[in-house]
Amino acid sequence: MKIAVIGQSLFGQEVYKELRKDGHTIVGVFTIPDKDGKADPLATEAEKDGVPVFKFPRWRVKGQAIPEVVDQYARTGAELNVLPFCSQFIPMEVINRPKHGSIIYHPSLLPRHRGASAINWTLIHGDQKGGFTVFWADDGLDTGPILLQRECHVDPDDTVNTIYKRFLFPEGVKGTVEAVKLIAEGKAPRITQPAEGATYECIQKKDNAKIDWNQTAEALHNWIRGNDKVPGAWAEVDGQKVTFYGSSLLDNGAAATGQPLEIPGASRPAVVTKSGLVLFGNDGKSLLVRNLQFEDGKMISAAQYFSSGSSAAVELTEEEGRFAEQMRAVWQSILSNVSRIEDATDFFKAGAASMDVVRLVEEVKLRASSCQLQNEDVYMNTTFRDFIQMCVRKLRGEDGEEELVVHYVEKDINNMSVKMPHQLFINGEFVDAEGGKTYKSINPTDGLPICEVSLAQISDVDKAVAAAKEAFEEGEWGKMNPRDRGRLIYRLADLMEEHQEELATIEAMDSGAVYTLALKTHVGMSIQTFRYFAGWCDKIQGSTIPINQARPNRNLTFTKKEPIGVCAIVIPWNYPLMMLAWKTAACLAAGNTVVLKPAQVTPLTALKFAELAARAGLPKGVVNILPGSGALVGQRLSDHPDVRKLGFTGSTEIGKQIMKSCAVSNVKKVSLELGGKSPLIIFSDCDMDKAVRMGMSSVFFNKGENCIAAGRLFVEETIHDQFVKKVVEEVKKMKIGDPLDRSTDHGPQNHKAHLDKLVEYCQTGVKEGATLVCGGRQVQRAGFFFEPTVFTDVRDHMFIAREESFGPVMIISKFKSGEVDQVLRRANDTEYGLASGVFTRDISKALYVSEKLNAGTVFINTYNKTDVAAPFGGFKQSGFGKDLGQEALNEYLKTKAVTIEY
């Protein structure tokens, strides 16, 4: 058809583009004149395509059509007028001229909410159902016959902007184009609008948007959100007109704490809190407003009402100065009508519109991915000077959005000053545990306390889970664009890298890890893990599936990968930060929120991580850290009905208990990485030096506190004695000592109870008749040190052959030459199946052995070579589920199948 598009805005632009894609000929675009030298987006798009564009300032004078205007329109020969969004009055001579007449898009379910402010009144009236109508134009005000309607649910905290973006814009474009298709096919209905239920409301303007305080909290909330952003609900506060934005109803279980603010006419004083401005209805219930705007156009966070003018300007570094000049050029390109961008240039007074705000936010992301702006940031910093100051503060992590308060324990150690948080981290804040309960975190190097750490109680778990649930269901994290989520996670990795020496020092103090290993592996791999999963955020996707039930109608089935919700993570003490990273990075990348319980004996890097997560800009409630006991905190997380997934790394015994609790409570999804007794088979044709070096690493890496440690070495008898001799020679060279000493090879075991178990473990081996070649004793010095130990002549039935030591104990058994299948049976004769290894120069033998070994990971001619891209997890009683790699994402996603018949 030949179509005239009459209207304006991005909505009109999108309708125009889709109509052209459908093969219609656009014979003319009729839109508004340029404003401040800038054409409307619809005009810009049409001019680019060479379509005639008309910019009449008016169509009528004193109620009469302007003949010259009507004549220009008539010459286009349009067969249908489409009015996607039009602010001008179009005369009936134009409306009725085309063969098919004219259709209009209206953002309400007619006959309800006729008039120009339909979306506003949908919200003001608290409608639970909204939508749009495409109708045939007549000489009334939105009274013509209905052609098509679509409806949507209205969320309790929807604003004009959110419902427009979520439904009215995207679905409205589709609906308008569908209406044109129905007309072209001769199938378009004309349904007379019913008289029942018809309403007409006035245009919402600033002068009639004043708040009437004599209403319930819900009515106040609806009035504020119904006028958000245009025209803006306002009230007199401290003698000036203040406009309120970002309203949400509050759960009235807790009293608001903060500074009171008198508002004339309100039933009681408002309260300025850390979250915003709490207002009260005449029913005693409350609502929260997040942003305020003053008469001069300045917008602030409501939480900053009493301190909005107190922040001093920051002095820019050389790099920040370059960023500022880049942004000055961006402003110049947007505000093309302004000759030069000065520090005092006001973005909106210079002619910027809402679409320019979106562009500016995206331009910032392109130049500084760690500066995560929201549209509101631009509205609250309208001059170029304020805008740059705000961006720089965000880049520095000093944006002042509720300053993060951290009560550090500080220590001068390892040639640096280490600052350690020691409280629980719940909903973006460091807080004391219920009742102020604490415990001592012990340094295994000297056995002395590092600091007092808050000890979480059941009520703390419930608070953390509630915060995580709210962040997932109601907060910005759950609604965030996946790419923006990835940028935040990448920013977190950058901050971890900036603090890597501090993190490694804390790890060495708290867990006994040798500093150089902590820097490279504990911290280094953690950073790599977050960066890896940051890249996955915008690549999580489903698939389309052909289905059999396809006749006589057509069908389409597709799957969606969706986040699970609140996830609990419980980690062990051997790699405190790395185990956090392996699970948390995938969990966050999938879009979930997390409540994490670090091991009670090693909480400090997890709490430092919480601080960095907050400084990286992760929203409140997304990450929560609860040091505490497994019996209390871990059990409550397993039982909690709002936790939908639990990831656990630890012992098989505790894993079974967790699995049972998760099943009984709410059948929550579980992944378990449990105990191991990993076999390493060394054949006589191996590279001996490499086998010795890697064999020692397989056992003594990280003091043997390694879930995939080779729990038993099978060495071919022809090289057994030589292998043992070389190992003992190397063990004697190992330096045992302070993990912060760069020359130390072997640090202390993690805690006293574990040290005592290692002593008992070795004593059992001796009693059973195994040969203790070296070690087997506690080192006589302060701290929890244990000698690297080697046992030979270990028989299959012995306790030390079957049970994990989780320490620096090498268990060596012989096997006869040529008995490949026999040694494989012995290697697999265990209830564990986490990892395994083989050393041989015969690639065929290596592949055969790798195929037969019943373990989740098999190393060939290497060991401990884990990578962020390779899946990691065990078989049998070593658990199920995967960390790392693409497969880890599936542990934190659910698959939804959608089938459509059309």
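Residues numbered from 1 in each chain as written. Predicted model: local features only at pLDDT ≥ 70, side-chain atom pairs only at ≥ 80, totals over all residues. Heavy atoms only, no water.

By the naming in an unreviewed UniProt entry, the protein chain goes by 10-formyltetrahydrofolate dehydrogenase and is assigned to Takifugu rubripes. Looking at the Catalytic activity (unreviewed entry) heading of the UniProt record, one finds this comment for the protein chain: "(6R)-10-formyltetrahydrofolate + NADP(+) + H2O = (6S)-5,6,7,8-tetrahydrofolate + CO2 + NADPH + H(+)". (UniProt positions renumbered as here; feature names shortened; annotations may be inferred.)

*Asks:* Even after reading the chapter, I still don't get the overall build of the protein chain, so can you show me in this structure?
*Replies:* Looking only at helices and strands, one finds 28 helices and 40 strands in the protein chain. The proportion of buried residues among the 902 residues of the protein chain is 53%. Taking all contacts inside the protein chain whose residues are at least 6 apart in sequence as the whole, residues at least 24 apart take part in 69%. On the protein chain, roughly 38,900 Å² of surface is accessible, and the fraction owed to carbon and sulfur atoms is 49%. Distance between charge centres in the protein chain, computed from 106 positive and 115 negative side chains, equals 3 Å. (Helix = DSSP H or I, 4+ residues; strand = E, 2+ residues; numbered from the N terminus. Buried < 20%, exposed > 50% of the residue type's maximum accessible area, 1.4 Å probe, protein only. Contact = heavy atoms within 4.5 Å. Areas by Shrake-Rupley, 256 points an atom, 1.4 Å probe, with all protein chains shown as cover. Lys, Arg positive; Asp, Glu negative; His and termini not counted. Charge placed at Lys NZ, Arg CZ, Asp CG, Glu CD.)

*Asks:* Explain the packing of aromatic side chains to me, please; I cannot follow it from the model alone.
*Replies:* Here the distance between the centres and the angle between the planes together describe a pair of aromatic rings. Applying the stated rule across the entire model yields 28 aromatic pairs. Ring centres of Trp-331 and Phe-347 lie 4.9 Å apart, and the angle between their planes is 55°; on these two criteria the pair is classed as tilted. Here Phe-347 lies in the loop between helix H9 (318–334) and helix H10 (354–367) and Trp-331 lies in helix H9, a separation of 16 residues in the sequence. Like Phe-347, Trp-331 is buried. With a centroid separation of 4.8 Å and an interplanar angle of 50°, the aromatic rings of Phe-859 and Tyr-863 are classed as tilted. Neither Phe-859 nor Tyr-863 differs from the other in exposure class; each is buried. (Phe/Tyr/Trp six-rings, centres within 6.5 Å; stacked < 30°, edge-to-face > 60°.)

*Asks:* What should I look at first to understand the UniProt feature "site: Essential for catalytic activity" (unreviewed entry) in the protein chain in this one?
*Replies:* The positions that UniProt labels "site: Essential for catalytic activity" (unreviewed entry) are, in the present scheme, Asp-142. Mapped onto the fold, Asp-142 is located in the loop between strand E8 (129–136) and strand E9 (146–153). Every residue in contact with Asp-142, bar those within four places of it in the chain, is listed here: His-106, Leu-110, Arg-114, Gly-115, Phe-135 and Gln-193.

*Asks:* I'm lost on a nonpolar patch on the surface in this one. Help?
*Replies:* Residues Leu-556, Ile-900 and Tyr-902 make up a contiguous nonpolar surface patch of roughly 270 Å² in combined accessible area. Structurally, the position occupied by Ile-900 is in strand E40 (residues 893–901). (Patch = residues over 30% accessible without salt bridge, like charges linked within 9 Å, V, L, I, M, F, W, Y side chains within 5 Å. Salt bridge = Lys/Arg side-chain N within 4 Å of Asp/Glu carboxyl O.)

*Asks:* Would you mind showing me how to read the pattern of salt bridges here?
*Replies:* Two side chains of opposite charge can pair, provided their charged atoms sit close to one another. If you walk through the whole model with that rule in mind, you get 50 salt bridges. The salt bridge involving Lys-48 is made with Glu-45; its shortest N-O contact spans 3.3 Å. Of the two residues, Lys-48 and Glu-45 are both situated in helix H2 (residues 41–48); the distance of three residues between them amounts to about one turn of the helix. A residue is classified by how much of its surface remains accessible, and Glu-45, at 12% relative accessible area, is buried.

*Asks:* Can you walk me through the domain arrangement of the protein chain in this structure?
*Replies:* Examined at the domain level, the protein chain breaks down into domain 1 (2–185), domain 2 (206–307), domain 3 (318–396), domain 4 (408–673) and domain 5 (679–873). Measuring from the centre of the C-alpha atoms in domain 1 to the corresponding centre in domain 3 gives 32 Å. Listed by partner, the interface residues are five residues for domain 1 and seven residues for domain 3. The interface formed by domain 1 and domain 3 holds one salt bridge in total. Taken together, the links from domain 1 to domain 3 amount to two residue pairs in polar contact (both at pLDDT 80 or more). Split by residue class, the side of domain 1 that touches domain 3 holds two nonpolar, no polar and three charged. (Domains from an automatic or database assignment. Polar contact = N/O pair within 3.5 Å; in protein donor to acceptor, adjacent residues only side chain to side chain. Nonpolar A, V, L, I, M, F, W, Y, C, P; charged D, E, K, R; others polar.)

*Asks:* How should I be thinking about the sheet that holds strand E37 (residues 857–860) in this particular structure?
*Replies:* Spatial ordering of the open sheet is given by E32-E33-E34-E31-E30-E36-E37, a layout of seven strands whose pairing is mixed. At either margin of the open sheet sits one strand with a lone partner, and together these are strand E32 (771–774) and E37. Averaged over all adjacent pairs, the angle separating strand axes in this sheet is 20°, with direction ignored. Bridge count for strand E31 (residues 710–716) against strand E34 (residues 809–815) is four bridges, and the pairing is parallel. Within the sheet, the bridge partner assigned to Val-715 lies in E34 and is Lys-814. (Pairing = 2+ DSSP bridges. Axes fitted to C-alpha atoms, helices over the stretch in contact; angles between N-to-C directions.)

*Asks:* Mind showing me how you'd approach the packing of helix H18 (residues 576–589) against helix H19 (residues 604–616) here?
*Replies:* Geometrically, a packed helix pair is captured by the angle between its two axes and the distance between the axes. Look at H18 against H19: their axes get within 8 Å of each other, and the N-to-C directions meet at 50°. If you check the angle between H18 and H19, you find them oblique. In terms of crossing hand, the pair formed by H18 and H19 is right-handed. Contacts between H18 and H19 involve Pro-576, Leu-577, Leu-580 and Thr-584 on the former and, on the latter, Thr-605, Ala-606 and Phe-609. (Parallel < 35°, antiparallel > 145°, perpendicular 65-115°, else oblique. Left-handed = near helix turned anticlockwise from the far one by under 90°.)

*Asks:* I keep staring at the nonpolar core and nothing clicks. Help me out?
*Replies:* The nonpolar side chains of soluble globular proteins are, as a tendency, buried together. Counting 106 residues, the largest nonpolar core has Phe-530, Ile-682, Leu-713 and Phe-723 as its most contacted members. In terms of residue count, H18 provides more of this core than any other element does, eleven residues in total. Viewed by domain, this core spans two of them, domain 4 (408–673) and domain 5 (679–873), each represented by three or more residues. Every residue in contact with Phe-530, bar those within four places of it in the chain, is listed here: Ile-489, Leu-492, Ala-493, Met-496, Leu-580, Ala-581, Thr-584, Ala-585, Leu-588 and Phe-609. Within the second largest apolar cluster, 33 residues are counted, among which are Leu-80, Trp-136, Val-160 and Ile-183. (Core = buried A, V, L, I, M, F, W, Y, C linked by side-chain atoms within 4.5 Å.)

*Asks:* Help me out: how do you make sense of the pairing of strand E22 (residues 448–454) in this one?
*Replies:* Every other side chain in a regular strand lies on the same face of the sheet, so the side chains alternate between the two faces. For strand E21 (residues 438–443) and E22, the ladder comprises six bridges, and the chain directions are antiparallel. Paired with Ile-442 across the strands is Pro-449, a residue of E22. Once E21 ends, the chain turns through four residues before running back antiparallel as E22, passing Gly-447 with a positive phi of about 75°.

*Asks:* Which parts of the structure should I look at to understand the UniProt feature "binding site: (6R)-10-formyltetrahydrofolate" (unreviewed entry) in the protein chain?
*Replies:* According to UniProt, the "binding site: (6R)-10-formyltetrahydrofolate" (unreviewed entry) feature falls on Gln-88, Phe-89, Ile-90 and Asp-142. Taken together, the annotated residues stretch across 55 residues yet fold into one region, lying no more than 13.9 Å apart by C-alpha. Tracing the chain through its elements places Gln-88 in the loop between strand E6 (80–83) and helix H4 (92–95). Discounting chain neighbours no more than four positions away, the residues touching Gln-88 are Thr-31, Ile-32, Phe-56, Pro-57, Arg-58 and Trp-59. Within the structure, Gln-88 has its side chain in polar contact with the backbone oxygen of Phe-56 (distance 2.8 Å).

*Asks:* Can you walk me through helix H26 (residues 820–828) in this structure?
*Replies:* Each α-helix turn comprises 3.6 residues. Residues three or four places apart therefore point the same way. Looking at H26, one finds that the buried residues are Val-820, Val-823, Leu-824 and Ala-827. Along the axis of H26, the buried residues cluster in a sector spanning 105°; they form a single face. Tucked inside the fold, the buried residues of H26 contact strand E30 (678–682), E31, E34 and helix H27 (843–852). (Arc of directions from axis to C-beta.)

*Asks:* Sorry if this is basic, but what is going on with the environment of Glu-498 here?
*Replies:* Mapped onto the elements of the fold, Glu-498 is located in helix H15 (residues 482–498). Its relative accessible area of 53% is what places Glu-498 among the exposed residues.

*Asks:* Would you mind showing me how to read the sheet that holds strand E23 (residues 544–545) here?
*Replies:* Pairing between sheet strands relies on hydrogen bonds along the backbone, with the strands arranged either parallel or antiparallel. Strand order in this open sheet of three strands is E23-E24-E40, and the pairing throughout is antiparallel. Two strands lie at the open edges of the sheet, namely E23 and E40, each paired on one side alone. With two bridges joining them, E23 and strand E24 (residues 555–563) adopt antiparallel strand pairing. Paired with Thr-544 across the strands is Phe-558, a residue of E24.

*Asks:* Where do I start with a negative patch on the surface in this structure?
*Replies:* A grouping of Asp-157, Asp-251, Glu-470, Glu-473 and Glu-474 is seen on the molecular surface, where their side chains present a negatively charged patch. Along the chain, Glu-474 turns up in the loop between helix H13 (458–473) and helix H14 (476–479).

*Asks:* When you look at the side chain of Thr-382 in this model, what are you seeing that I'm missing?
*Replies:* Residue placement: Thr-382 occurs in the loop between helix H11 (375–379) and helix H12 (384–396). Looking at Thr-382, its side chain comes within polar contact range of the side chain of Asp-346, at 2.9 Å. Sequence-distant contacts of Thr-382, that is, excluding residues within four places in its chain, are made with Gly-297, Trp-331, Thr-345, Asp-346, Phe-347 and Phe-348.

*Asks:* Explanation requested: unusual backbone geometry in the structure shown.
*Replies:* Glycine aside, residues mostly have negative phi angles, and peptide bonds mostly take the trans form. Following Leu-110, the chain continues into Pro-111 via a peptide bond in cis, with omega recorded as 15°. Inspection of the secondary structure puts Pro-111 in the loop between strand E7 (102–106) and helix H5 (118–124). Each neighbour pair has its own omega, and for Asp-228 with Lys-229 the value is 5°, a cis peptide bond. Within the chain, Asn-415 stands out as a residue other than glycine whose phi angle is a positive 60°. On the secondary structure map, Asn-415 appears in the loop between strand E17 (408–413) and strand E18 (416–421). You will see that Asn-702, though not glycine, has its phi angle at about 55°, which is positive.

*Asks:* Where do I start with the packing of helix H1 (residues 9–21) against helix H7 (residues 170–184) in this structure?
*Replies:* Relative to each other, H1 and H7 sit at 45°, their axes nearing to 9 Å. Taken together, the axis directions place H1 and H7 in an arrangement best described as oblique. As for how H1 packs across H7, the hand of that crossing is right-handed. Residue-level contacts link Phe-11, Glu-14, Val-15, Glu-18 and Leu-19 of H1 to Gly-172, Val-173, Thr-176, Val-177 and Val-180 of H7. Here the residues of the contact of H1 with H7 are counted per class, giving six nonpolar, two polar and two charged.

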